[in-house]
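# Observations on chain architecture
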Amino acid sequence: MRALIHRPLVASAVAMGLLGACASAPPVNSVATVAVQATVTPEELQAGHSHAVRMRTALQAAGVPREVVSAGRVVRVACAMMSDGTWGGLGVLPEGARAANDSVWRIRVRDVGDNDREAVNPLIDPVHGLSWSGKAAYTFVPDWREQGRFSNLDPVPLPRDQAGRYHVVFSRYLVRCSG
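A short tour of the structure in this document, coming up. Quantities reported herein were computed from a predicted structural model and do not represent experimental measurements. (Residues numbered from 1 in each chain as written. Predicted model: local features only at pLDDT ≥ 70, side-chain atom pairs only at ≥ 80, totals over all residues. Heavy atoms only, no water.)

### A few points about the layout of surface pockets
Rolled over the atoms, a probe as big as a water molecule pinpoints where empty space is left. Put simply, the rule reads: Only protein atoms enter the 1 Å grid used here. Points where a 1.4 Å probe fits but cannot escape make up a cavity, open sets with protein on both sides within 12 Å along at least five of seven lines make up a pocket, and a residue lines them when an atom lies within 4 Å of a point. Grid points are joined across faces, edges and corners, and a volume is the space filled by probe spheres set on the points. Secondary structure follows DSSP: runs of H or I at least 4 residues long count as helices, runs of E at least 2 residues long count as strands, and numbering of each begins at the N terminus. Three residue categories are used. Nonpolar comprises Ala, Val, Leu, Ile, Met, Phe, Trp, Tyr, Cys and Pro, charged comprises Asp, Glu, Lys and Arg, and polar comprises the others, including Gly.
Looking at the largest pocket, its volume works out to about 300 Å³. Taken together, 17 residues make up the lining of the largest pocket; nearest its centre are R54, W87, G88, G89 and E118. Of all the secondary-structure elements, those providing two or more residues to the lining of the largest pocket are α3 (50-61), β2 (74-82) and β3 (85-92). Ranked by the residues each element gives to the lining of the largest pocket, the list is headed by β3, at 3 residues. By residue class, the composition of the lining of the largest pocket is 5 nonpolar, 7 polar and 5 charged. In terms of lining residues, the second largest pocket is bounded by P42, L45, Q46, R56, L59, Q60, V64, P65, R66, V69 and S70. The set of elements that each furnish at least two residues to the lining of the second largest pocket consists of α2 (42-46), α3 and α4 (66-70). Of the residues that constitute the lining of the second largest pocket, the class distribution is 6 nonpolar, 3 polar and 2 charged.

Below, the structure is given as structure tokens:
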């Protein structure tokens, strides 16, 4: 009887261990690949909404001076850990650097942040070979019923040199964190 009770407990412990091993952020002290979502502006930080407060607090805690924000060196970044899991935060560009939206960069992960605190990490350099972040992963097929199809979407295949470097998140390609 005792062995019968013990087996479900062991199975539960193994399952919980496997679930706990699922990554929700790149490891601290690693280099990840991220896509730039937008440049953070001083005006955006002055807004009263909760996200502006979170960004201001995170930048102050990380010791990022206002001049860095004014110079356009703070950007929102994100990457895909899996198709339904993303990680992101704020990236600080190297002095003199600029980053276009959807450009891909390497970031040194010193802080992963959490639900209450925005991560702030330094961007290292651009990754020039990855160019599909932010692009639509599907095209709409307006006459799908007339064609006798099951779906009104066609997947947009990645070029060979980009394949395997992205996950589809909310119908758009987002670069994988592990790049």
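So that's the structure; there's more coming.
### Remarks on a nonpolar patch on the surface
Defined as follows: Here a patch means residues that are over 30% exposed by relative accessible area and free of salt bridges, tied together within 9 Å if like-charged and within 5 Å if nonpolar (Val, Leu, Ile, Met, Phe, Trp, Tyr). Accessible areas in this description were obtained via Shrake-Rupley with a 1.4 Å probe; residue shielding takes into account the shown protein chains only. Just to be clear on terms, a salt bridge is a Lys or Arg side-chain nitrogen sitting within 4 Å of an Asp or Glu carboxyl oxygen.
A surface patch of nonpolar side chains, about 290 Å² in accessible area, is lined by Y138, F140 and L153. Turning to its location among the elements, F140 is positioned in strand β6 (residues 138-140).

### Digging into the state of the cysteines
In plain terms, the rule: Here, a disulfide means two cysteine sulfur atoms that sit within 2.5 Å of each other. When a residue's accessible area, from a 1.4 Å probe over protein chains only, is under 20% of the maximum for its type it is buried; when over 50% it is exposed; and in between it is partly exposed.
For the structure on display, the rule yields 1 disulfide. Two residues share a disulfide in this structure: C79 and C177, whose sulfurs sit 1.9 Å from each other. Here the disulfide of C79 and C177 is right-handed, its torsion about the S-S bond being about 90 degrees. With C79 in strand β2 and C177 in the segment after β9 (172-175), this pair connects stretches of sequence that are 98 residues apart. On the basis of relative accessible area, C177 is assigned to the buried category, the value being 4%.

### Details of the pairing of β3
Quick note on the threshold: For two strands to count as paired, DSSP must find a minimum of two bridges between them.
Of all the 8 residues making up β3, 6 are buried; the element is thus mostly covered by neighbouring parts of the structure. Sheet topology note: the β2/β3 ladder contains 8 bridges and is antiparallel. Across the sheet, R76 pairs through a bridge with L90, a residue of β3. With antiparallel pairing between neighbouring strands as the criterion, β2 and β3 make up a hairpin whose turn holds 2 residues. Direction of pairing for β3 relative to strand β5 (residues 120-126): parallel, over a ladder of 3 bridges. What sits directly across from G91, in β5, is N121.

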